[in-house]
Structures are given as structure tokens and as C-alpha cells.
Amino acid sequence: MQRLTAEEMQARVAACHPEVQAVLAYWREKARGRKMPARADIDPSELTPFLPRIGLVDVVPDARRFVYRLVGPEDAALRGHDPTGKAVAEGFFGPDAAEALNHYEYTAQYCEPYCHRGPFQAQDGVTEEEDVIFLPLSEDGQSVNMILVFYYSYRFHPRVAYSSVLLRYRQR
């Protein structure tokens, strides 16, 4: 995947939902002038409104490459399953594994955020529309060992019959 210019990335983020912009601003604040923050810099209690849609993906030195460490409950409801512990190649949510892996690979290779916007057709044929931000985390300040992912869904289509996450949608 070709590297985006700073202007291209800024334009994508500017068009995103304000919640995506807020999570990116939080990440930048935690970087404190560094290329990227460490996982230890991220305090979940400061991200409470966003936690149901946050995921953490480990960057591993084997054939799996990217492995879901944690998937927020709203993300799991949208997928219809919780892919925690699975490689992204087998637990991805999107049109195909290659496209999903490209987003993670971009973030790991360039050590910078990647923003994906727009509609896509999920594996079950339903069209979803999301803004997604992939944020690199690094223990050594040089290489990405984890990626924080946050998304905003414009058309939330849960693929589970019941989840406590669904209660907030039924109350609207």
C-alpha cells in the first residue's frame, strides 16, 4: 500500500466522525512528541465512551503477523463473534482478508496512523459504512508491537441476537 501524504491523512481524518477525531487526538496527546505512544501510555479509564469500539491487535514475529488481543463488545456484536486470540487473517471484518491486512501492515510499516473511510460489503452481504483509525503503539519507540483500532459505524448492523451492547441502541 502506498504511503499517504500528511495532507491526505489530514483530509481523511477531517472527514471522519468527531469520535474518530477525538481518539486520534488522545493518541497524539499520549505520544508527547514521540513518533507513537506505548501501550502503557494509554489509560482505558480516559477512553470510557469509546471502549466498546476499541480493539488492540498484537504485531507478532510469526506467520500470523497480526493477532487480536482485545475486541470491544460493540465490535464483537457487529462481527457476530469475538475474534480475540485469532489472527486478523482469519478473524477480520470486511470484504476480504487482504484488504484488512493492508491496513494493519501500513500502520506497522510506516509507524503512523492509518485512516480508512467509507462503505464496504461485509462477508454476509450487508453494506456497512465506517470510519476506522489504526493507531500504532510501541514499547521501544521504534517498532510497532501493537495497534489500537477504533471505529465509528454509521449503520450499526449487529450480527448477534442479544448483547448488552445492543441495549444502548434500543434506547435511542
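Conventions adopted
- Residues numbered from 1 in each chain as written.
- Predicted model: local features only at pLDDT ≥ 70, side-chain atom pairs only at ≥ 80, totals over all residues.
- Heavy atoms only, no water.
- Helix = DSSP H or I, 4+ residues; strand = E, 2+ residues; numbered from the N terminus.
- Contact = heavy atoms within 4.5 Å.
- Polar contact = N/O pair within 3.5 Å; in protein donor to acceptor, adjacent residues only side chain to side chain.
- Buried < 20%, exposed > 50% of the residue type's maximum accessible area, 1.4 Å probe, protein only.
- Pairing = 2+ DSSP bridges.
- Axes fitted to C-alpha atoms, helices over the stretch in contact; angles between N-to-C directions.

Structural notes on the environment of Arg-79
Point 1. Counting through the fold element by element, Arg-79 comes out in helix 3 (residues 73-79).
Point 2. For Arg-79, the contacting residues outside a window of four places in its chain are Tyr-68, Val-71, Gly-91, Phe-92, Phe-93 and Arg-159.
Point 3. For Arg-79, the side chain forms a polar contact with the main-chain oxygen of Gly-91, separated by 2.6 Å.

With respect to the environment of Val-126
Point 1. Tracing the backbone through its elements, the reader meets Val-126 in the loop between strand 3 (114-121) and strand 4 (127-137).
Point 2. Linking Val-126 and Ala-97, residues 29 residues apart in sequence, is a C-alpha distance of 17 Å.
Point 3. Not counting residues within four places of it along the chain, the set of residues in contact with Val-126 comprises Phe-120, Gln-121, His-157 and Arg-159.

Topic: the environment of Glu-29
Point 1. The topology assignment puts Glu-29 in helix 2 (residues 18-31).
Point 2. Overall, Glu-29 belongs to the exposed group, its relative accessible area being 56%.
Point 3. Taking the C-alpha atoms as reference, Glu-29 lies 25 Å from Tyr-68; in sequence the two are 39 residues apart.

Let's talk about the pairing of strand 5 (residues 146-153)
Point 1. When you tally the buried positions in strand 5, you get eight out of eight residues, the bulk of the element.
Point 2. Bridge analysis of strand 1 (residues 54-59) against strand 5 gives five bridges, and the strand direction is antiparallel. The partner of Asp-58 across the bridge, within strand 5, is Met-146.
Point 3. For strand 4 and strand 5, the ladder comprises eight bridges, and the chain directions are antiparallel. The residue of strand 5 that forms the bridge with Leu-137 is Met-146.

Comments concerning the sheet that holds strand 1
Point 1. Strand order in the open sheet formed by five strands is 2-1-5-4-3, and the pairing between neighbours is antiparallel. With partners counted over all chains shown, the strands left at the sheet margins are strand 2 (66-71) and strand 3, one partner each. With strand direction ignored, the average angle separating the axes of adjacent strands in the sheet is 25°.
Point 2. With eight bridges connecting them, strand 3 and strand 4 associate as antiparallel partners. Looking at strand 4, one finds that Phe-120 is bridged to Glu-128.
Point 3. Contacts from helix 1 (residues 6-15) reach strand 3 and strand 4, with the element oriented near 55° to strand 3.

Nothing here speaks to function; it is geometry throughout.
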